[in-house]
Structure formats: C-alpha cells, structure tokens
Amino acid sequence: MSKTILTVDDSKTMRDMLKLALNGAGHRVIQADDGMAGVEALAGAPRLDVIITDINMPRLDGFGFIDQVRKDPRHRATPILVLTTESDAAKKQRAREAGATGWIVKPFDPARLIAAVNRVSS
Amino acid sequence: MTDPMEAIKQTYFQECEELLLAMEEGLLALENGEADSEVINAVFRAVHSIKGSGGAFGFEDLVQFAHGFETVLDHLRSGKLDAGGEVVKVLLRAGDMLADHVAAARKGTHLDKETGRDISEALAALSGTDADDSGEAPADFEGLDFAPMVIAVEEAPASAGWRIHFAPHATLYANANEPALLLRELARLGSVKVTADLARLPPLETLEPATGYFAWDIALTGDAPRDAVAEVFEFVLGHCDLTIEMADAPTAEIIPLPVLAPLPDAPVAEKKESAPAADAPKQSIRVDLDKVDRLVNLVGELVITQAMLSQRVAECKIPRASSVGNGLAELEHLLRELQESVMAIRTQPVKSVFQRMPRLVRELAAQTGKQVHLVVEGETTEVDKTVIERLGEPLTHMIRNAVDHGLETPQERLAAGKPEEGTVTLSAEHRGGRIVIEVSDDGRGIDRARVKEKAVERGLISPGTALSDEETDNLIFMPGFSTAKEVSNISGRGVGMDVVRRNIIDLGGRIVIGSTPRQGSRFSLTLPLTLAVLDGMVVAIGAQTFVLPLTHIVESLKPKPSDIHAFGRGRNLLNVRGAYVPLVDTAAILQAGDTSQADQGVVILVESQGTGRLALTVDAILGQRQVVIKGFEDNYRHIEGIAAATILGDGRVALILDVDGIVTRCRAQLGDFNELRPTGS
C-alpha cells in the first residue's frame, strides 16, 4: 500500500537514498532539509503515514523536530523513525524519550528501511 | 546517469566537499580558541554526515576512520575532552586525513594502510583515555532503561516457541507505536495465538483515553530465535512491560489476531525542551555559471546601448536638465547599480581558496621541520569566481615559497632572536576597486646578494649590473631564475615564480615584492574584482581609438623636445626626471595610421609588472571610463599587443591594449636596457 512519507535530513545524499528506496517500494516522499523545514512541511503536508528524520541537523535538530511533531494535533500520532548510526546508542534513547517511534540504523539497506516503515505503519 | 545510486554517489562527493570545508573552518576556529559549542557541533555534524552516508557506498576505510574521528569529537562536544593545543593538532591532521579518504574513495582507490596509522592511533588514544563507553554499542543492546526482561538461561531448542507478555505503557502510544503492527510482525515469525489481557481496563466512566490499558499474552510457536522475537519489540523497549519466556505449555483462552481491541487515542507527548540551533545559514541557490555569464553579457550590452543613447541625445542638443536628460541620468545610475549587482553574483569570498592553505602549511611544516603559524585575514573578501579559481595555484606556490625559502629553521630563528615559530600571514582586502592579497612571512627576507649571484649564473644579467633593491628582488620573477635542479622538492613542482607572475598578469593583476633582510618578505597581489569590466583611459592613436587599462598607467605627460634623446637606430629615450625610459611610437607598432609626433602629442608612461616602464606616444587623451571587456580571441585570434576589445559610447569598437605584451616586446627589442639606467632612480 502506498504511503506518504516525510523525510527530514540535511544531507542531500541521504535524502536521495531514502527517496530512491521509498519510491522503489511504491511510497510517496516529501523532503525537508532540516528540522525547521520539516516543521514547515508538516503544516502543508497531507496526511503523513510516516516521518523519517535525521538527528544531527543545523537550525533545528531531530529532537527539536520530533518535539514539534508531537505537539502538533494533526501529526502527534504519526510514527517517526529516526536515522541513526550504530554509535548513537544514547541518542537513540534520547530520541525515543523525545517521542520517536523507532529508528533506522545508517547505512541502511532498502529492505530494512521498508521493514522498519512497515513495523510502524499499517 | 542510468544508475540512480551512481548519481547519488556524485551528490555525496559534492556534499563531502562542502562538509570538509565546514569542518576545516570549524577546526581552525578551534585552533584559534574561538570555538564555542556550536562550532564543535558543526564539525561533529560534518564528520558524522560524511560517515553516515559513506557507509551506504561501502567506503569502509573512510567510515572506519570517520568513526574514530567522530568519537573524539563527541567527547569534545560532551566536555569529556578539552580542546587543548595537542588535541587540536591531532584533529587538524585527522581532518586532512578524512579529506584524503574522501578523495581516495572518489577515485575508487584506498589509502595505504600505513599512511594514517599514527593519526588513527592518536585519535584512539584521545578517545580511549577518557572514554567510559566505547561509543560503539551494537544497535540492539544499548544500556536502556527498559522494563525487566526475563532472559532464558538455557539455549532455546529450535522448535519450542515463546511465551510473550506484552503490556504497553501510555508512552508507547505517545510515540505513535502501534501494538497491532508488532503483533502482526510477530505473526510472521511463526504461528501466534494472542490473548488480550483486559485486567487493567477500568470502568468506562474512569477510562482515560490517553492511557494504555490493554496487555497481551502471545504464544508463538515455531523455530524463531529469541533475537528475532526481541527485535520485533526493539522500538518499544522501555515503553512496555515485556517478558519473553520459552514456551512450556499452550495457554488457554485463545483469541485470533484480527480481533484486537481498538487502540486508545495517542496521548499527548511529554513536553521536552526543544533544541533549536541558533545559526541560520544564508539561503542560497545553485545557478549554472553560463546563465550568470549570459546575464553579465547582457548587462554589458545594456551599458553600451545606454552610452550610445546618451551620445545620440547629446548630439541632438537636448539639454541635460530636460526631462529626457534627467531620465537618461537616472537610467545611467540604475544601470551602474544593476551592473554591480550582476557582477556581485559572480563573486565569492576568497575563503574557498584560503581554506586550502592551512593544510598546505601544516604539511610544509612537517616536511621542512619548521614551525609555522598561519594567520589568515580577510577571508570573507569577495572576488570574481574566475579570479578565485585561478588564484589557488599562485597562492599555493607563494605559500610554499614563504615556508620553504622565507622562514628559517627553529634553531636559526632562536639564534636570530626570533620566536621559534615562524608566522606566515595571508590576507585579502578591497582597496580602491581592486582586491589586494598579501602573503608575508617574518623570515629571513630575500638574500639579495645570493639572488644576484644566481641571476648572473643563469645568464639573466651581466656581472656588475647595477640594480636597485627592488629590481634585485624582481629578478626572482625572471623566467629561468629557478630551475628544476635547483629548487627543493617543496617549492619546485615545476612552477617558478615567473609562472606565478604570469598567472597573476593573465588575471589582469600585478605582483609586488617587498623584503627587509632578516625581517621577512611580503608579496602583494593586486587583482581586479572582476574580469568583465575595466577602468580604462581612452586615447587616440593615429586614426584609431584605443583603451589603455588604468592599472598600468603611471602618469601622462607632455614632454619637451629636449627630454627626447635618440638612442640607436631610430629609437628614442625619454628623460623622465632623470630616468631614461624607452619612448615607443605606438602608432607605428600598432600600425594605426600616421605616425604621431612625440613632441606634439602626449606621452603616457606605462608600467608592466617586472619588465619595467615604457613611454607610449598617443595623439590625444579622450577620456577615462569603465569599459566592458569583450574578448575576441574566441572569434578571431590572438593579436600581439591587444588584450581585448570594447564598444564605445558612439558604437565604435575600440581595442584594449595589452600593456604587458607591448612592454615585453619593446624592451626585448631594446636589448639589455637596464645597464643604461641610472642607479637609484
């Protein structure tokens, strides 16, 4: 089933890779290049099925962005997957405390990404 | 670009370039003690991003190195490590190393294993000494505060299956987790029997919609390993009570999976302080340079059209104070502003070139065993992109020169009463519509006696030639002054200072040396801000109009016949306040019609960098104005003595003289003229 997914990452490489994998699985992708742009995208976005966000970003980082999503009545029940590297154990925990639903470990392979997406949205 | 991953890889390398620059900038700020937490964060982010995406392309060496680097930066960020001098040195070298890794990955090669070992070890030492966590916890086993979990002690027999108790907390829903999806995923591992545990469900009137009341007992049969079961709940550890036990007996009261109770509404997440970073980067877009150039060209045409219009209006004897005149004045004003704005699009801070220099200096210091401190000033000064692109090589060479030849060894410096560490200063500033870039050092200065000796050895000057200090210094710009055999492996990479000077001149610039023995030397480059317009003097020579670039003009004068002296076959010298300068019949060498009479016309004294002065005869000076440079070599061919063309206000094409070319040619014809020059002039 096609889902609408917002990806928030300051790295164009990562945005492109996410888009490639998600499009490949038949999902629609909306892109934002940092947390602030992500918040702006929320306002204009249709119903989002999943949000995927990086943590380390300028202007507004992933924690701040998740916080904003969870405050937004329209999106507070939207699953959020955090992009993280294996070394970011503490960050993963912090992201979850901030309201992240799950995470994707970088570098991800497309199958795992899709599995994670499926695990948090029907 | 058929392979999308290949396209993304290109994006990655582009991004790496930007990230490496940001990293270098941050590290330098750190070195200068100007680093706040945001700077450290930015460096961390850059390294982290390079690593994060690099893994996707299988750049293992790069990722591994970046990981060690990142760990140290993380310690720095969290305050576990202080950014002391030694630490910063390691970081700077690690930054260089990371850039090398990226470059190697880009070329599809690998760095030699030994190359970066010492840096990797230094990084490991930095992170190792202070690290209480290795920073490398595997994804599935973090030190999280999840609910007690009973771990089966004995290894699971393959077919036993699992008994799972799963009781979500409210926070699980708050994070938008969905138990139904987890149960669905469990069902993929084997056959499941799910029993809803409704014991916690309160009477309706006391039900809080934002709380989780349901719990489930799941009996999973099949040969799924424990890890696979735990993985299903990976995202919700800590947000639920979870026990996973080996199955012993089937449970009673089984309800099938689809009959899951509707989930309560997701409760409001706990309020957390957000962490917005303060720096808002300037918005920018990428534009194809061709588009900008087309714009620059069009504006140039517009300026010409405006000038023509003004001239026509003047010819019609329409007074300036009229509405037409006022309108034209306004148009001219707006056009100038438009032109400046368009030119500004092509400008960039010199930073992109300057930023490459600290690394160079570090490498040179390591190679020569000298201690060098590089001071960079004015790196935000903006110059035309073309100038910037072509500045890298000359600057690199000048800095090499400063470190290799300019600075003394620490021992020599101490003996000379100087601090052990030598200073090389690289600065840029705008001065009078041009940009001045200086490379100076506090080293030994130019050894003039040695320079002269060498110039004689190389046959560049005759022994006994009297030269002023300035002229001596300028000898190093002579082609053939430094030869491959002579220069050390650092300064000599097949480029002599003559090539540096040639590069600068090609950019419409000048280079000047200043040197004080034992105190150091200074190279000043003066460059135009743009290569599209030029300030010129419009002159009449013979029947034609020419433009002389203002930058080369020293002065204009009306000589007395007594100042002109014949010198050899039909050649003349002009006595300019005691100094003899070759007087050139410009009309003759340009074949521009009737030979003008030097004693009737005006003489313009021009100077070429390094090759000296020349007096050019012209018939009249018509004015001074900014002209738009129109190259014609692409459409025609190179003409000796002519640099480019422009279009004047009256629509006529005028040629812009190549002063350097003319001076070089004329002085070559005059032979070794320097000997005739009075000393000290």
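This text follows the structure it describes.
Now for a quick tour of the structure. Remember, it's a predicted structure, so these values are computed and weren't measured experimentally.

### Details of the overall build of chain B
Okay, step 1: Counting its secondary structure elements, chain B contains 20 helices and 22 strands.
Okay, step 2: Out of the 681 residues in chain B, the part that is buried amounts to 44%.
Okay, step 3: Taking the intrachain contacts of chain B between residues at least 6 apart in sequence as the baseline, contacts between residues at least 24 apart amount to 71%.
Okay, step 4: Of the roughly 34,300 Å² that chain B leaves accessible, carbon and sulfur atoms contribute 53%.

### Focus: the sheet that holds strand S3 (residues 215-221) of chain B
Residue and element names in this part refer to chain B.
Okay, step 1: As summarised here, the arrangement of the four strands in space is S2-S3-S1-S4, forming an open sheet in which the pairing is antiparallel. The open sheet has two free edges, formed respectively by strand S2 (191-197) and strand S4 (240-246), since each of these has just one partner strand. On average, adjacent strands in this sheet sit at an angle of 15 degrees to one another, irrespective of strand direction.
Okay, step 2: With five bridges joining them, strand S1 (residues 162-168) and S3 adopt antiparallel strand pairing. Counted as the bridge partner of Trp-162 is Leu-220 from S3.

### Description of the pattern of salt bridges
All names here are of chain B.
Okay, step 1: This model, assessed by the stated rule, comprises 28 salt bridges over all chains.
Okay, step 2: Between Asp-100 and Arg-359 there is a salt bridge; the shortest N-O distance is 2.7 Å. With Asp-100 in helix H4 (residues 85-107) and Arg-359 in helix H12 (residues 357-368), this residue pair connects regions lying 259 residues apart in the sequence.
Okay, step 3: Residue classification places Asp-100 among the partly exposed residues on the basis of a relative accessible area of 28%.
Okay, step 4: A salt bridge links Glu-363 to Arg-359; its shortest N-O distance comes to 2.9 Å. You can see Glu-363 and its partner Arg-359 sitting in helix H12, four residues apart, about one turn around the helix.
Okay, step 5: We classify Glu-363 as partly exposed; its relative accessible area is 33%.
Okay, step 6: A residue is classified by how much of its surface remains accessible, and Arg-359, at 19% relative accessible area, is buried.
Okay, step 7: Residues joined in a network through salt bridges with shared partners are Glu-24, Asp-96, Asp-100, Arg-359, Arg-362 and Glu-363.

### Some thoughts on unusual backbone geometry
Okay, step 1: Of note, the phi angle at Arg-59 of chain A is positive, near 65 degrees, even though the residue is not glycine.
Okay, step 2: Within the secondary structure layout, Arg-59 of chain A lies in the loop between strand S3 (50-53) and helix H3 (62-71).
Okay, step 3: On the basis of relative accessibility, which here comes to 18%, the residue Arg-59 of chain A falls in the buried class.
Okay, step 4: Unusually for a residue other than glycine, Arg-577 of chain B sits at a positive phi of about 45 degrees.
Okay, step 5: Checked against the element boundaries, Arg-577 of chain B lands in the loop between strand S16 (572-576) and strand S17 (579-584).
Okay, step 6: You can call Arg-577 of chain B exposed: its relative accessible area is 70%.

### Re the packing of helix H9 (residues 289-315) of chain B against helix H10 (residues 323-346) of chain B
Residue and element names in this part refer to chain B.
Okay, step 1: Where H9 contacts H10, the two axes come as close as 10 Å, and the packing angle between them is 160 degrees. With respect to H10, the element H9 is oriented roughly antiparallel. Once H9 is placed against H10, the crossing between them reads as left-handed. Contacts between H9 and H10 involve Leu-289, Val-292, Asp-293, Leu-295, Val-296, Val-299, Leu-302, Val-303, Gln-306, Leu-309, Ser-310 and Val-313 from the former and Val-324, Leu-328, Leu-331, Glu-332, Leu-335, Leu-338, Gln-339, Val-342, Met-343, Ile-345 and Arg-346 from the latter.
Okay, step 2: Here the contact of H9 with H10 is built from residues that sort into 17 nonpolar, three polar and three charged.

Rules and cut-offs
Residues numbered from 1 in each chain as written. Chains lettered and ligands numbered in written order. Predicted model: local features only at pLDDT ≥ 70, side-chain atom pairs only at ≥ 80, totals over all residues. Heavy atoms only, no water. Helix = DSSP H or I, 4+ residues; strand = E, 2+ residues; numbered from the N terminus. Buried < 20%, exposed > 50% of the residue type's maximum accessible area, 1.4 Å probe, protein only. Contact = heavy atoms within 4.5 Å. Areas by Shrake-Rupley, 256 points an atom, 1.4 Å probe, with all protein chains shown as cover. Pairing = 2+ DSSP bridges. Axes fitted to C-alpha atoms, helices over the stretch in contact; angles between N-to-C directions. Salt bridge = Lys/Arg side-chain N within 4 Å of Asp/Glu carboxyl O. Parallel < 35°, antiparallel > 145°, perpendicular 65-115°, else oblique. Left-handed = near helix turned anticlockwise from the far one by under 90°. Nonpolar A, V, L, I, M, F, W, Y, C, P; charged D, E, K, R; others polar.

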